[in-house]
Amino acid sequence: MNRSTPGRLQELTILFARCRYGWRDFFFELEQGEGAVLSEDPWEDLDAFLGEADPEHLATFDRTLVEMATGDDAKAQAQALTIVATCARPFDLAPVLANETRLKKDLEAHLALLLAIGQRNDPRGRASVDAALKDPHRRHAALIALAQLDPAAAAVPGKAAYLKDRNQIVQSLGRPLAEEEYATYYQMAEGVLQVRGREALGTFVAATAGDDEALRQELAQLARRIEQQAAATQA
């Protein structure tokens, strides 16, 4: 259910106070506790909330995310990196990238890192993304990140991903798309729009289609669908 931003901000403010301004408790409550019943997206309006937060609390927010992402708790690693990927607030991924060997031990945490690299458009993580493309368990997330980091380089593997799910994607274009139906290429294209904007999305789908005019038309329709869905979400 969509809520007005003022109402959502009030919910977050009250919940943060109940957590005695402790970020770890606040994150837990948003994702699994009291806050989980307030919104389908636990991180909804978190950026807006941070924009009004006390500078002292912001400092502990940044420090808490680094501690969680570089610690030994895999669930905390994944949660912190999911927040990093979701929020627009500046975050230096360097200490996390230096901790990648530890993050690789847990699939969920490493996938969260790959998605954060893409959402943050951080070229320092390119080697990690390229390596993950070779792992079938990590390839989906790595392809999304690659599309965000380098749409041109993602066109060839993106075409293979599209052709694999082509029937599913084409059939879905005329009706609401359920989250579980999101194919890899759809999420690659959606990620490009989120990070690089409409023009880059057009470039990405055109590079994917190449000289195949029928495929170009299909992907142009897909791009329009993604843009419309993004606009509807923001409305």
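The preceding data block contains the structure.
Quick caveat: nothing in here was measured; it's all calculated off a predicted structure.

Draft legend 1. Inspection of the overall build of the protein at higher detail. What the protein contains, in helices and strands, is 15 helices and zero strands. Taken against the 2.2 N^0.38 rule, which gives 18 Å for 235 residues, the C-alpha radius of gyration of the protein at 19 Å falls within 12% of a compact globule. Taking the principal axes of its C-alpha atoms as reference, the protein extends roughly 60 × 40 × 25 Å. Going through the 235 residues of the protein one by one, you find that 46% of them count as buried. Taking all contacts inside the protein whose residues are at least 6 apart in sequence as the whole, residues at least 24 apart take part in 63%.

Draft legend 2. Just the environment of Leu111, in detail. If you trace the backbone, Leu111 turns up in helix H8 (residues 107-119). Taking the C-alpha atoms as reference, Leu111 lies 23 Å from Glu29; in sequence the two are 82 residues apart. Leave out the neighbours within four places in its chain, and Leu111 touches His137, Arg138 and Ala141.

Draft legend 3. Representation of the nonpolar core. Phe26, Phe27, Leu81, Tyr185, Phe204 and Leu222 are the most contacted members of the largest nonpolar core, which has 71 residues in total. Element by element, the count of residues in this core is highest for helix H10 (residues 139-149), at eight residues.

Draft legend 4. Structural context of the packing of helix H5 (residues 74-86) against H8. Where H5 contacts H8, the axes come no closer than 8 Å and their chain directions differ by 15°. In this view, H5 runs roughly parallel relative to H8, as classed from their interaxial angle. Handedness of the crossing formed by H5 with H8: left-handed. Counting all contacts with H5, which are made through Ala74, Gln77, Ala78, Leu81, Thr82, Val84 and Ala85, the residues of H8 involved are Glu108, Ala109, Ala112, Leu113, Leu115, Ala116 and Gln119.

Draft legend 5. Seen up close, the packing of aromatic side chains. Applying the stated criterion across every chain, the model contains 14 aromatic pairs. Ring geometry for Trp23 against Phe61: centres 4.9 Å apart, planes inclined by 70°, an arrangement best described as edge-to-face. In this pair, Trp23 sits in helix H2 (residues 23-31) while Phe61 sits in helix H4 (residues 55-70), placing the two residues 38 residues apart along the sequence. Here the aromatic residues Phe16, Tyr21, Trp23, Phe26, Phe27, Trp43, Phe49 and Phe61 are joined through ring pairs into a cluster of three or more.

Draft legend 6. Structural detail: the environment of Glu29. By secondary structure assignment, the location of Glu29 is in helix H2. On the basis of relative accessible area, Glu29 is assigned to the partly exposed category, the value being 22%. C-alpha separation for the pair Glu29 and Pro42, spaced 13 residues apart in sequence, amounts to 8.9 Å.

Draft legend 7. Here's a closer look at helix H15 (residues 213-234). Its 22 residues give H15 an end-to-end C-alpha distance of 32 Å, which sits within 8% of 32 Å, the value for a rise of 1.5 Å per residue. Listed as buried for H15 are Leu215, Glu218, Leu219, Leu222, Ala223, Arg225, Ile226 and Gln229. Buried positions in H15, seen along its axis, are confined to an arc of 160° and lie on one side of it. The outward face of H15, more than 90 degrees from its buried face, is lined by the exposed residues Gln217, Gln228, Ala232 and Gln234. Each element contacted by the buried residues of H15 is listed here: helix H11 (151-164), helix H12 (166-172), helix H13 (184-196) and helix H14 (198-209).

Draft legend 8. Here's a closer look at H13. Over its 13 residues, H13 runs 18 Å from end to end, which matches the ideal 18 Å to within 8%, given 1.5 Å per residue. In this structure, the buried side of H13 is in contact with H10, H11, H12, H14 and H15. Looking one or two residues past H13, Gly197 carries a phi angle of roughly 95°, positive in sign.

Thresholds, definitions, all that
- Residues numbered from 1 in each chain as written.
- Predicted model: local features only at pLDDT ≥ 70, side-chain atom pairs only at ≥ 80, totals over all residues.
- Heavy atoms only, no water.
- Helix = DSSP H or I, 4+ residues; strand = E, 2+ residues; numbered from the N terminus.
- Rg over C-alpha atoms; globule rule 2.2 N^0.38 Å.
- Buried < 20%, exposed > 50% of the residue type's maximum accessible area, 1.4 Å probe, protein only.
- Contact = heavy atoms within 4.5 Å.
- Core = buried A, V, L, I, M, F, W, Y, C linked by side-chain atoms within 4.5 Å.
- Axes fitted to C-alpha atoms, helices over the stretch in contact; angles between N-to-C directions.
- Parallel < 35°, antiparallel > 145°, perpendicular 65-115°, else oblique.
- Left-handed = near helix turned anticlockwise from the far one by under 90°.
- Phe/Tyr/Trp six-rings, centres within 6.5 Å; stacked < 30°, edge-to-face > 60°.
- Expected span 1.5 Å × (residues − 1).
- Arc of directions from axis to C-beta.

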